[in-house]
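A closer look at the structure
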Amino acid sequence: MLEINNLHVKLEDESREILKGLTLSVKPGEVHAIMGPNGSGKSTLSYVLSGREGYEVTEGSVTFKGEDLLALEPDQRAAKGVFLAFQYPIEIPGVATMQFLKVALNAQRKARGQKEMSAPDFMRHVKDRAARLNVSQDMLRRPVNVGFSGGEKKRAEILQMAVLEPSLCVLDETDSGLDIDALRVVAEGVNALRSPDRAMIVITHYQRLLDYIVPDKVHVLSDGKIVRTGGKELALELEEKGYADYVVKAA
Amino acid sequence: MSALLPRTAAEDSLGVSLPNRRSEEWKWTDLRRLVTAPYARKIVAARDADIDRLVASSPFASVKAKRIIIVNGVYDAKRSQLPRGEINAVVPLADDVIVGIGSKLEASGVSLVFDGNADLPVEIVHVATGAAQQAIGVRHTISVAANAAATVIETFVGEGDYLCNTVTEISLAEGARVDRIKAEVESPEATHLSHVIATLAATAMLRDFTLTSGAALNRQNGTLTFLGENADAQIAGTYLLKGRQHADTRLVVDHAVPHCTSRELFKCVMDDNARGIFQGKVIVRPDAQKTDGKQSSHALLLSEAAEFDAKPELEIYADDVVCGHGATAGDLNHDHMFYLKSRGIPEPDAKSLLIAAFAGEAFETIEHEGIRECLSAYAEGWLARR
Amino acid sequence: MADLETIELVKDIDVDKYKYGFETDIESELAPKGLSEDIVRYISAKKNEPQWMLDWRLEAFRVWQNMEEPTWAKVSYPKIDFQDLHYYAAPKSTPAPKSLDEVDPKLLETYAKLGIPLKEQEILAGVRKQGEKSELDGESGGEYASGKVAVDAVFDSVSVVTTFKDELKKHGVIFCSISEALREHPELVKQHLGSVVPQGDNFYAALNAAVFSDGSFVYVPPGVRCPMELSTYFRMNAKNTGQFERTLIIADKGSYVSYLEGCTAPTRDESQLHAAVVELIALEDAEIKYSTVQNWYPGDAEGKGGIYNFVTKRGDCRGAHSKISWTQVETGSAITWKYPSCILRGDHSRGEFYSIAISNGRQQVDSGTKMIHLGKNTSSRIISKGIAAGRSDNTYRGLVSAHRKALNARNFTQCDSLLIGDKCGAHTVPYIESKTSTAQFEHEATTSKISDDQMFYCMSRGLSEEEAVALIVNGFVRDVLQQLPMEFMAETQKLIGISLEGSVG
Ligand SMILES: Nc1ncnc2c1ncn2[C@@H]1O[C@H](COP(=O)(O)OP(=O)(O)O)[C@@H](O)[C@H]1O
Ligand SMILES: [Mg+2]
């Protein structure tokens, strides 16, 4: 589904390289965990996959369902099924969450040549999922992420994912800032979305989340490269030993 | 200064001298240079069909309201649902430029007196049609008795090239409240000049909102004076400008007594070569302790050639106050754009969504839901025509 | 222990409010009162100027004659009779001292008394006493640990001496009086004088151009980091005399210079006029840091006397990646009319303005800055802290503008005012003009009084009311204080305390 090959990325207005030859292959139905020390480039990878400006790919390729992902605009990638749950979800004053979801869902459907969802169907579609994720009606009425607590923002990201039903979910530190109960709710929401034709990349700093979302593969990202790959037991090993072995020439 | 300059054709026909940019208040709106057509006071007959069509074009046509129709500056008895009333002969702020033009034009209008709580909003629809380069003078007074409340809408629509000069006086007695909504959606060729002069007695409340989206040239003054303690005023506005439109708002909020609160919120959207200007001055007189005065103006420039100027001014002579202002200008927030696009919303739709959200923040200050919805619909239409 | 330090400083406050108010008894050579072409010629002749300089002055004088005194500032004062002033005053003793040894000992004494030792062998820690520490040490904007400061001392209309010239010369830095620069480096002066503030820029600038008598000149050659702080110390002494100095600083490509300016004047019943012009030019990659501690005599509590300070200061960021930073502490003068500005012409250039303006008694301050964005990717930052006490008026007036071609211009402005007592006024008059959508401007202003909670907290810890005010005000202005070179910080903190004396109770 997703093939990342020798990806090199730097910031547009700086010469420093952040990703230094990253290779990763994700098949439908798989859940890959990416772990790594702070600053190793995890968020950068998620932004490059979703098409944020400010990053420059200097080498390598990313194909998604056989198509050059890097050639697409962020909204086109979303319509093709790429979803990023942001590490720091953006607050957008004045745009109501419900309206935002509806516009997004229908824009994606339109891009895929599907019919727009009717208002009642849409309401049902959202309410059902919101209830499962403990997202209140009040939150849905408020502007996107505005005034949400850290935990609320993370739950809202997963709600968006559930509503938009993407085929590749990239979760960037969705566990950070969550207490144990919230973590469980979020993990259940994510697990409910696991399916044979949907892949997930779960970026996390701690092993904790992986107790709930059990990955097929665990990768260690360090200094812009994947330096080790293993099964779920690798996460446990990291939990025990920390990232000390992987932090290269830490300044 | 201007007395030394030769009169322009426009000054000749209006019979007044117009201020130029050397006058500090008119620094960004050089009226002498910008008003070029020989606008003159005329008695103009308008066609019934034109009047009805324009009245129906009010953004608030769907709001259940009592209506007063003013056609080319003249009260239309046949179409109006409320009487004209008696307007006070004395004009305040006689040396103000816009008030002065009004006097020259022998401006007339209606006097609304609210003794109790009005059940329905009153909409005054001003229609301009029929004659090229007519100068229209309008003057209304709104007074609300102690503890009474009213909602008044002033709508300005028209077609062709004309000048509309309007002065509205609002006086609020103790505990009175008025919600005033103004929509300046004049003809794209028109010049619109206005001045709203409001006084608030103790515990009175003013909620004022202005949509500025019509006219080629717009200048709106506001002078608000607190006369009694614990009064509260909120003045908000939205600009939706494009082409070569020019709009300038100048507000003076005068805290002459202690314990009053004022809030100003202006959201200005400028596209193409449009130019938006916001000048707000908050004065806190000596002894007006415990004043809480805040002002914010935000500009969204959608095109490289659009412009915004601001002068948010504080003049403070009392120490126990909390006053401040904030002003920003820039284009759309790039992070917001990315977030929306990452959810599959194409760029043009994402832009519209963000622009509507930006402009709409000022609508939120309006309590009447129907009016708010009409404004959102207007903004949506404006965006669609962009 | 920052707080204790401040309290100590406040306790140290001298009893006499303006401690620089003494007069030096020295014989002066005065030009006859009044202003005419003849006076302009007289000044030019006194200074043995070349013909072009005289022509330049005469042109300025003619322009000035047709100008009107500006009235837009929020200040009021009796009409100045420009014919009732002396436009030139020079100490008679040494017409042109070549070295320190030739300087009249009385003058040296004056500067020593002001805390400005002019002997090179002394540690020239500016106005700070030896060994005195400041709470802000270590985080200051100052670059020089050595504490060496080269001083150009200007007494009334003439520069009496410039120190450390030889050492500076070794680095190629020219630092001398502008009269000397006219003699020694006429081509540099001719090329740059008036290129930032033209003769007819405004009423006071035109007046200055016609009659300026002296001032400092600095040229830093390409790639040179000026090895020490440069400073000018202005002292007005003669009666009924205007002081019109002119400063020109040129930082050539890739150079850096930090410059300080201090001013005092004797206590007099009559007001005195000071109309200076400062021009800064920063070429590609160059940086100029200009700091002022202005403590001219403010007049007495009833508003009698004091300096009328009408100053035009402007910096031109002419080259790409150049930077000009203004820091000012304005505590003196009866009237201050002053807007140190930056023209951000070079791409990626940056302008900064940090200001503390304190007014007490009957002082009137109308000050601020202009940031004119012309080049691409230019940025500016304005932090202004105004404190009004007594019966004073304190106005911030500023302009931030982005030209149509100033793509990606950025400005951040924070403008805070503090009122102490209910007889003073604090005003904010910012102008914002954006002609490109790519510019991002952010402006914020607040006005408030010192919070009762803060006062109560301080007093419950044993501070007197006055100490508490000084402490809180020092906190309020901290962001700006930190921009000052170390040498000025301690004195400035003290000055703040002194300036606010008598503002409470
Ligand atoms: N937009 C950006 N601007 C500046 N530095 C950035 C930016 N994005 C990433 N970086 C830098 O790139 C490196 C990797 O960051 P990031 O991808 O956020 O790491 P992680 O998510 O693994 O903690 C860090 O050194 C970070 O500072
Ligand atoms: Mg990260």
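Please refer to the structure higher up on the page.
Notes on the structure in this doc start here. Since the structure is predicted, the reported quantities are computational estimates derived from the model, not experimental observations.

Residue and element names in this part refer to chain C. Using the criterion set out here, one finds 28 aromatic pairs over all chains in the structure. Ring centres of Trp64 and Phe203 lie 5.4 Å apart, and the angle between their planes is 40 degrees; on these two criteria the pair is classed as tilted. Of this pair, Trp64 sits in helix α3 (residues 51-65) while Phe203 sits in helix α8 (residues 203-211), placing them 139 residues apart in sequence. Here the aromatic rings of Trp72 and Tyr339 are separated by 5.6 Å at their centres, their planes lie at 50 degrees, and the arrangement is tilted. With Trp72 in the loop between α3 and β2 (89-91) and Tyr339 in the loop between β15 (335-338) and β16 (341-344), this residue pair connects regions lying 267 residues apart in the sequence. In this structure Tyr339 comes out as buried when scored by relative accessible area, which is 10%. Three or more aromatic residues joined by ring pairs make a cluster, and in this case those are Phe61, Trp64, Trp72, Tyr77, Phe82, Phe203, Tyr204, Tyr308, Phe310, Trp337 and Tyr339. In this arrangement the basic side chain of Arg57 is found over the ring face of Phe212, its NZ or CZ atom lying 4.2 Å from the centre.

There are two pairs of chains in contact here; the most contacts are made by chains B and C. You won't find any contact between chain A and chain C; their C-alpha atoms come no closer than 13 Å.

What follows deals with the site of ligand 1. Residues and elements named next belong to chain A. Close to ligand 1 lie Leu11, Arg16, Ile18, Pro37, Asn38, Gly39, Ser40, Gly41, Lys42, Ser43, Thr44 and Tyr55. Here Gly39 contributes a backbone N or O atom positioned 2.7 Å from an oxygen atom of ligand 1. Between ligand 1 and Tyr55 there is a distance of 3.1 Å, counted from a nitrogen atom to a side-chain nitrogen or oxygen. Looking at which element gives the most residues to the shell around ligand 1, the answer is helix α1 (residues 42-50), with three residues. Here the residues of the shell around ligand 1 are counted per class, giving four nonpolar, six polar and two charged.

Take unusual backbone geometry next. All names here are of chain B. Positive phi is not limited to glycine here, since Thr203 has a value of about 55 degrees. Among the secondary structure elements, Thr203 is positioned in the loop between β9 (191-200) and β10 (205-212). Positive phi, close to 80 degrees, is recorded for Asp287, a residue that is not glycine. Given the relative accessible area of 56%, Asp287 is considered exposed.

The rules we used
Residues numbered from 1 in each chain as written. Chains lettered and ligands numbered in written order. Predicted model: local features only at pLDDT ≥ 70, side-chain atom pairs only at ≥ 80, totals over all residues. Heavy atoms only, no water. Phe/Tyr/Trp six-rings, centres within 6.5 Å; stacked < 30°, edge-to-face > 60°. Helix = DSSP H or I, 4+ residues; strand = E, 2+ residues; numbered from the N terminus. Buried < 20%, exposed > 50% of the residue type's maximum accessible area, 1.4 Å probe, protein only. Lys NZ or Arg CZ within 6 Å of the ring centre and 35° of its normal. Contact = heavy atoms within 4.5 Å. Near = heavy atom within 4 Å. Polar contact = N/O pair within 3.5 Å; in protein donor to acceptor, adjacent residues only side chain to side chain. Nonpolar A, V, L, I, M, F, W, Y, C, P; charged D, E, K, R; others polar.

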